[in-house]
Amino acid sequence: MTDNKREKILIILTFLVYGISYVSRYTYNSSVNAITSYYNITSAEFGLVGTCFFAMYGIGQFVNGILCKRYNKRIVMPVSLMISAVLNFILFFQPDFRVYKYLWFINGASLSLLWSSLSETVSKYVSKQNINKAIVALSASLAAGTVIVYSLSALFSELGIYQYVFLSATILCVLVSTIWFIMFPTIKNRDNPIEIGEIENEIINKETSKKSRSYFVIVIIFLGILAAVCNLLKFN
């Protein structure tokens, strides 16, 4: 396998990992109407769970941004997604609402591992030739994940089985975790190691590249379209 092919596989994997992380983090938010109705709770009670998630997610982002270079990337991505899978699986069984905030607090901590670790992996194993594709993939993955989870939530809520969005996230997390764990050693074994600092310099200077500006425009258009779809799904 050539280094170029390894890089393209890694780009696809980063898209899958970060996209699915958005599925697993928004299963709760996307089911707001169904959950508030099922548990007969107020908007404030519902919002507290999301606050717990983002509080821990923000703290985790800061800490993991500092420590991510020490992590074993083959292990940390699957661990993050598998923890989130377990938490979503628990919510599939519709437990007492009082436990939601604790579970989502843990979910925030778990998923905060991903962004800094994925970014560091891309900078280490993707060359200048493919770095723009990696940037597009990472940027688009969050929108794709959001569309998927809101679509599933709308479908299951309409069918009266909203909790199946949690089961769907569980299955997707386990699947992507397994794929990453199996494929990462192959990607890691490059024939020609990338020079340290090569990608960082490329990212810093990418604004001066016409090609980079084209990719940026594509991302903005893509995210705009998907954001519009998300809003339509929320109000249906």
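Residues numbered from 1 in each chain as written. Predicted model: local features only at pLDDT ≥ 70, side-chain atom pairs only at ≥ 80, totals over all residues. Heavy atoms only, no water.

With respect to the helices and strands, lysine 101 occurs in helix H5 (residues 100-111). Among the residues examined, lysine 101 registers a relative accessible area of 24% and is labelled partly exposed. A sequence separation of 48 residues divides lysine 101 from phenylalanine 53, and the C-alpha atoms of the two residues are 7.6 Å apart. Once you skip the residues sitting within four places of it in the chain, lysine 101 turns out to touch Leu48, Val49 and Cys52. (Helix = DSSP H or I, 4+ residues; strand = E, 2+ residues; numbered from the N terminus. Buried < 20%, exposed > 50% of the residue type's maximum accessible area, 1.4 Å probe, protein only. Contact = heavy atoms within 4.5 Å.)

Our next topic: a nonpolar patch on the surface. Residues Ile75, Val79, Ile83, Phe105, Ile106, Phe181 and Ile182 make up a contiguous nonpolar surface patch of roughly 560 Å² in combined accessible area. Taken together, the elements giving at least two residues each to the nonpolar patch come down to helix H4 (73-92), H5 and helix H8 (164-188). For the nonpolar patch, the element with the most residues is H4, which contributes three residues. Looking at the element boundaries, valine 79 is found in helix H4. (Patch = residues over 30% accessible without salt bridge, like charges linked within 9 Å, V, L, I, M, F, W, Y side chains within 5 Å. Areas by Shrake-Rupley, 256 points an atom, 1.4 Å probe, with all protein chains shown as cover. Salt bridge = Lys/Arg side-chain N within 4 Å of Asp/Glu carboxyl O.)

Within this structure, the stated rule accounts for three salt bridges. Residues aspartate 3 and arginine 6 are paired through a salt bridge, measuring 2.9 Å at the closest nitrogen-oxygen approach. Linking aspartate 3 with arginine 6, this pair stays in helix H1 (residues 3-26), spanning three residues, or about one helical turn. Given a relative accessible area of 10%, arginine 6 falls into the buried group. Of the charged contacts, one joins lysine 73 and glutamate 120 as a salt bridge, the two residues approaching to 2.9 Å between their closest N and O atoms. On the criterion of sequence distance, the pair formed by lysine 73 in helix H4 and glutamate 120 in helix H6 (residues 114-125) is long-range, its members being 47 residues apart. Of the two residues, lysine 73 and glutamate 120, both sit in the buried class.

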